[in-house]
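This is what each chain is made of:
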Amino acid sequence: MKQIIQDLKNGETILEEVPVPRVKSGHVLIKTTKTLVSLGTERMLVEFGKANFIQKARQQPDKVKMVLDKVKTDGLKPTMDAVFNKLNQPLPLGYCNVGEVVAVGRGVIEFKVGDRVASNGNHAEYVNIPKNLVAKIPDNVTDQEAAFTVIGSIGLQGIRLLNPTFGETIVVVGLGLIGLVTAELLLANGCNVIGFDFDPEKVRIAKEKGIIAINPAEGTDQVKFVESYTNGVGADGVIITASNKSNEIISQSANMCRKRGRVVLVGVIGLDISRADFYEKEISFQVSCSYGPGRYDEEYEQKGNDYPIGYVRWTEKRNFEAILNAISKGTLDVKPLITERIPLEDYQNIYGDMKNSRSIASILEYNNTQEITSTVAISQKSFEGKKGVIGVVGAGNFTSSTILPKLKKLNADVKYIASSGGLSSTIMAKRHGIANSTSDYKEILNDNNVDLVFITTQHNMHAAMVLECIKAEKSVFVEKPLALTSEELEAIVSEYNVQNVNVSVGFNRRFAPLAKKMKKLLGNDNTPMNIVATMNAGFIPADVWVHDMEVGGGRIIGEACHYIDLCTYFAGSRVKAVCMNAMGTNPEENTDNASILLKYENGTNAVINYFANGSKAYSKERVEVYSQERTLIMDNWRKLKTFGFKGGNTSSKQDKGHYNQFKELIEQQQKGGEPIIPFDEIVNTTQASFAAIESLKQGKWIVVN
């Protein structure tokens, strides 16, 4: 299928050929008929993409600070690699989609195949959308009218926050697409509506709809006009739908208001607010968030958990339905706003010169007659007779920034990369010379040429996919963790004992050059030692998926397992008991501020400090090993200091072991031999991570069987 994307690195807008996305649980797969181009929002994205690096930095000063902090801890090259990797990830454009449902995911009962629906889907021939971001279209509403659903909901949410009453005077600043829809909805609400815009055509359309529309370029003072119209009282409220960097708009909006008036921001403007403008009249100011309640809430959008209507009357989905109902009844007429209708293939007629476009609403029309295809061939390569042919499942940031560059450097034979949406896998396939992009990972499992599968998906998918790979008689590398529950782990162990395949986990730290040097210095005489490992992991907001025990498993199971494995590697023994204490008077099981004490079979004692409340300016990782009156101190995989050893100190560029691990893994797959990490150690490490959480719950040592 075809999809419009924005290349943030060079600013090009591209019509890309990608696989049709896979319908997921709680989602619907929609075959697109029309999409609406939101010229204001999309123009900003396109112009950001075309900006040079300095201009991009000026627009995102908070990101610049993060980059500088990373340079201090990780060095210049790793930081620049991370920045360029981020810019290399294209942005899918569009969020006003109309089409026909062609498949429904598990748990979806509100929709059926054949339904006409509106959603916030991108400019793509097929989109896979969560059910709470989809609404059915009334029979008397055309597809091109329904394409205004999401845009209308953005304006409607601004109105709901302003809470206007019948007869109030409301000013709309900016009569673009959202502004015109907002003004018309205010009229339907019984308000007196004044609109300001510098575009004569938009002012003309607004006047035809009954809006008191003014072009300030003709000499009208906006504040004085509102004062005159309201007999010196001022407007009851102002909704700002403009897009402008100037701080003048927010100041004027406050000055237009009556005492205790309200200002709601829907658009994007300068926000250097003068206290005096708002103080004397006690004016309230609020920013509107997109389509309404539920936006950016994982539980609502992705998991499909609706808010009870008795407590949250207007969610984003119910706002969608309200707009469609208004169009159906004729209280909202969007047809005069349509400036042009363009076939998808001619998309450059819109995106080629958006900066100078005078259009209000552009409709992209789709004439898709192709069959649904889950795989797109990027290049023609032969993999017959080769060993170590790889299929990658997952195309997230870590895959893009770390895994694929290392595999490319190793000249690895990668036949597939899979992502459920199809876009990210296609971009990565082209960038890294991978033969095929697919949205169906089962294509990899069914291909006899592939004998090694890399799994880099979210944590909750790891165990099930590892089981599928083992049953398909394919060796598997899975990013940590291997599993989130004991039941998942037991199922993997049981199946592993039946099939003759290798299972490896992304415990890359033991393969780092400095870790290998430390191990060599310590020797293999099974002497007990003391290990202190500190992860200055950094803060992650509580609503990020890694903290969800069902999805990410929490950061101890999901990330601290790295260091359990590293301690096991140094100790040359297995963990036999675990005790964990966490910061706070009543810490939750998904804590990320904890100290883990490990007792090994050979008497080694290890302490892992996993902290998220430290400064990012300090080293992220530090390991100290005390053994036989000798000490090793490793700092952030860049420096190793030795005390009591014959070997001297070591400094090198940061290397966390990914390249070495993949190199050894591919060689083992091609030539045979022992697993690069003994499977019993992988199982023991996973059990120890579970035991750490159980120890926190029970407040005692937990024995690892």
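It should be emphasised that the depicted structure is a prediction, and the values quoted were computed from it without experimental measurement. (Residues numbered from 1 in each chain as written. Predicted model: local features only at pLDDT ≥ 70, side-chain atom pairs only at ≥ 80, totals over all residues. Heavy atoms only, no water.)

Right, let's get into the overall build of the protein. Helix and strand content of the protein: 23 helices and 34 strands. Dimensions of the protein, computed from C-alpha atoms along their principal axes, come out at roughly 90 × 60 × 50 Å. Expressed as a percentage of the 705 residues in the protein, the buried residues total 55%. A separation of at least 24 residues holds for 68% of the contacts in the protein among residues at least 6 apart in sequence. Of the roughly 30700 Å² that the protein leaves accessible, carbon and sulfur atoms contribute 49%. Treating the 81 positive side-chain charges of the protein as one cloud and the 80 negative ones as another, the clouds have centres 5 Å apart. (Helix = DSSP H or I, 4+ residues; strand = E, 2+ residues; numbered from the N terminus. Buried < 20%, exposed > 50% of the residue type's maximum accessible area, 1.4 Å probe, protein only. Contact = heavy atoms within 4.5 Å. Areas by Shrake-Rupley, 256 points an atom, 1.4 Å probe, with all protein chains shown as cover. Lys, Arg positive; Asp, Glu negative; His and termini not counted. Charge placed at Lys NZ, Arg CZ, Asp CG, Glu CD.)

A separate point is the sheet that holds strand β23 (residues 452-455). Taken in spatial order, the 7 strands make up an open sheet running β19-β22-β21-β20-β23-β24-β25, and their pairing is mixed. Of all strands in the sheet, those with a lone pairing partner are β19 (375-377) and β25 (503-505), marking the two edges. On average, each strand axis in the sheet is tilted by 15 degrees relative to the strand beside it, whichever way the strands run. Where strand β21 (residues 414-418) and strand β22 (residues 436-438) come together, 3 bridges link them in parallel fashion. Opposite Y416, over in β22, you have N436 as the bridge partner. Packing of helix α18 (residues 462-471) onto the sheet brings it into contact with β20 (390-393), β23, β24 (475-478) and β25, and relative to β23 it is tilted by some 175 degrees. (Pairing = 2+ DSSP bridges. Axes fitted to C-alpha atoms, helices over the stretch in contact; angles between N-to-C directions.)

This part is about the pairing of strand β32 (residues 639-643). Residues L640 and T642 line the buried face of β32, whereas the alternating positions K639, K641 and F643 sit on a face that is not buried. Pairing of strand β31 (residues 630-635) with β32, which is carried by 5 bridges, proceeds in the antiparallel orientation. Pairing of T631 across the sheet is with F643, part of β32. Connecting β31 to the next strand, β32, in antiparallel fashion are 3 residues, including N636 with a positive phi near 55 degrees. As defined by bridge partners, β32 adjoins strand β33 (residues 650-651) across 2 bridges and the pair is classed as antiparallel. The residue bridging L640 from the neighbouring strand is T650, located in β33.

Ordered in space as β33-β32-β31-β30-β26-β29-β28-β27-β34, the 9 strands form an open sheet in which the pairing is mixed. Only two strands of the sheet have a single partner each, and these edge strands are β33 and β34 (702-703). In this structure, strand β30 (residues 621-627) lies alongside β31, joined through 6 bridges in antiparallel fashion. Counterpart to R622 in the pairing with β31 is D635. Where helix α20 (residues 513-522) meets the sheet, its contacts fall on β30, β31, β32 and β33, and the angle it forms with β31 comes to roughly 175 degrees. Each of β27 (575-582), β28 (594-600) and β34 is contacted by helix α23 (residues 679-698), which is oriented at about 40 degrees to β27, the strand it contacts most.

The omega torsion of the bond from K480 to P481 falls at 0 degrees, within 30 degrees of zero and hence cis. Within the secondary structure, P481 is located in the loop between β24 and α19 (486-496). Of note, R260 is a non-glycine position whose phi angle comes to about 60 degrees, a positive value. R260 sits in the exposed class, given a relative accessible area of 55%. Positive phi is not limited to glycine here, since E282 has a value of about 50 degrees.

Following the sequence through the fold, A692 ends up in helix α23. Residue A692 is classed as buried on the basis of its relative accessible area of 0%. In sequence terms A692 and E384 are 308 residues apart; their C-alpha atoms lie 46 Å from each other. When residues no more than four places from it in sequence are discounted, the contact partners of A692 are I556, V578, M580 and I596.

By size, the foremost hydrophobic cluster in this structure holds 102 residues, and its most contacted members are L407, F454, F570, L598 and V623. Considering each element in turn, this core owes the most residues, 11 residues, to helix α21 (residues 554-571). Ignoring any residue separated from it by four or fewer positions in sequence, one finds L407 in contact with I390, V392, A412, V414, F454, F662 and I666. (Core = buried A, V, L, I, M, F, W, Y, C linked by side-chain atoms within 4.5 Å.)

What follows is about the pattern of salt bridges. In total, this model carries 34 salt bridges according to the counting rule given. E201 serves as the salt-bridge partner of R204, at 2.5 Å between the closest nitrogen and oxygen. With R204 and E201 both in helix α8 (residues 200-208), this residue pair falls 3 residues apart, about one helical turn. Residue classification places R204 among the partly exposed residues on the basis of a relative accessible area of 38%. Three or more residues joined by partner-sharing salt bridges are found here, namely E168, D236, R258 and R262. (Salt bridge = Lys/Arg side-chain N within 4 Å of Asp/Glu carboxyl O.)

Purely spatial values, then, with no claim about function.
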